[in-house]
Amino acid sequence: MSKLYVTDIPSMVEKLVEKLETWVQDFVVMLPNLVLACVVVAASVVVSRWSLPLIERVLKRLTGNEPVSKLLASLGRLGLLAVAALLALGLLHLDKTVTSVLAGVGVLGLALGFAFQDIAANFMSGFIMALYRPFEVNDLVEVADKKCRVVRVELRATEVETLDGLSILVPNKAIFQNPIINYTRTRFRRMDLSMGASYGDDMEKVRSTVLAAVRDVPKRDPEREPELFFDSFGDSSINFQLRIWLLESTQPVYMAARSEAMIAIKKAFDREGITIPFPIRTLDFGAGGVGGERLDAMKLEWGGSRAKEPS
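Thresholds, definitions, all that
- Residues numbered from 1 in each chain as written.
- Predicted model: local features only at pLDDT ≥ 70, side-chain atom pairs only at ≥ 80, totals over all residues.
- Heavy atoms only, no water.
- Pairing = 2+ DSSP bridges.
- Helix = DSSP H or I, 4+ residues; strand = E, 2+ residues; numbered from the N terminus.
- Axes fitted to C-alpha atoms, helices over the stretch in contact; angles between N-to-C directions.
- Buried < 20%, exposed > 50% of the residue type's maximum accessible area, 1.4 Å probe, protein only.
- Contact = heavy atoms within 4.5 Å.
- Polar contact = N/O pair within 3.5 Å; in protein donor to acceptor, adjacent residues only side chain to side chain.
- Patch = residues over 30% accessible without salt bridge, like charges linked within 9 Å, V, L, I, M, F, W, Y side chains within 5 Å.
- Areas by Shrake-Rupley, 256 points an atom, 1.4 Å probe, with all protein chains shown as cover.
- Salt bridge = Lys/Arg side-chain N within 4 Å of Asp/Glu carboxyl O.

## Some points on the sheet that holds strand β7 (residues 227-233)
- Strand order in the open sheet made by the three strands is β6-β8-β7, with antiparallel pairing throughout. Every other strand in the sheet has two partners, leaving β6 (189-197) and β7 as the edge strands with one partner each. Going from strand to strand, the sheet's axes swing by 25 degrees on average, the running direction of each strand aside.
- Note: β7 against strand β8 (residues 238-246), six bridges, orientation antiparallel.

What follows is the structure in structure tokens.
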């Protein structure tokens, strides 16, 4: 271990003074670049704040989508600030620092991408949905077998309201990865109604009666005639399916048309004597399950000879 002597102090002070003089000289040489770097950063901050609302308005006019406009404007502002910061570091001859900063940003971005991949997926899904616009606010849609009305569309999630008044916040990733049925965007909608008539009724009469009864259903498309198809033999009825095309696809119009069609068919059936049968069950009391016996005959038999048998 070296010893410090009093005679060494002047030389140390001299070296320190020389170092300080070198720093002062370097600072004086660097001062114009430092001032210019500060001006660049300050100007970029002012320009980004001033131009952000203007960019949002222009993008909203071009895209017609407010969330996308805000996102693109914010990304543009961050990009401008990042370029200004890198330019300022370059003016200060901190090239190695710039390289280190870029490498650190890349590693940090990769780590954040793995950590928040679900959030990133929701934002990307919301961005793509905002571009393609599968639905708008107040549209009636069906997502994951649920009919609901769109309340608010954001980049991370979409707020919907079910037909029974429940508010649900759905992540955009879940909406983007599932089929979407938009009832509002569709102009025409077909209403299907399944019914049945008694085996004892005339099928041609049933067809003509039903088709005549539903001709005045509200919002029915007059250019498409109603269709009726018998499709199966049921336990107690011959089943058929009625198809009516409506001029509107909204849920209130659909439900009102369905209700009016059922009322009209019931009135027509009552007027024409056509029966909508109740469920019927046949009890077979015959031996071996072949054929069977009439209940009145069995009643007489039990009330006659069998009733006299000793218990």
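## Here we look at the pairing of β8
- Residues I238, F240, L242, I244 and L246 of β8 are buried on one face, while the alternating residues N239, Q241, R243 and W245, pointing to the opposite face, are not.
- Strand direction decides the pairing type here: β6 and β8, joined by nine bridges, are antiparallel. Within β8, the position partnered with R190 by the bridge is W245.
- Turn length for the β7-β8 hairpin, with the two strands adjacent in sequence and antiparallel, is four residues.

## Points about helix α6 (residues 203-213)
- Of the residues making up α6, those classed as buried are V206, T209, V210 and L211.
- Contacts from the buried residues of α6 go to β6, β7, β8 and α7 (251-272).
- Where α6 begins, the side chain of D202 points an oxygen toward the backbone nitrogen of E204, at a separation of 3.3 Å.

## Here we look at the sheet that holds strand β2 (residues 146-153)
- Strand order in the open sheet made by the five strands is β4-β3-β2-β1-β5, with antiparallel pairing throughout. Strands with a single pairing partner mark the edges of an open sheet, and in this sheet they are β4 (167-171) and β5 (180-182). Neighbour-to-neighbour, the strand axes of this sheet turn through a mean angle of 40 degrees, independent of strand direction.
- Here strand β3 (residues 157-162) pairs with β4 via five bridges, running antiparallel. Counted as the bridge partner of E161 is S167 from β4.

## Remarks on a nonpolar patch on the surface
- Together, V35, L36 and V39 make up a nonpolar patch on the protein surface, roughly 250 Å² of accessible area in all.
- Tracing the chain through its elements places V39 in helix α1 (residues 9-63).
- Judged by relative accessible area, which is 47%, V39 ranks as partly exposed.

So far we have only geometry, and geometry alone does not tell us how the molecule works.
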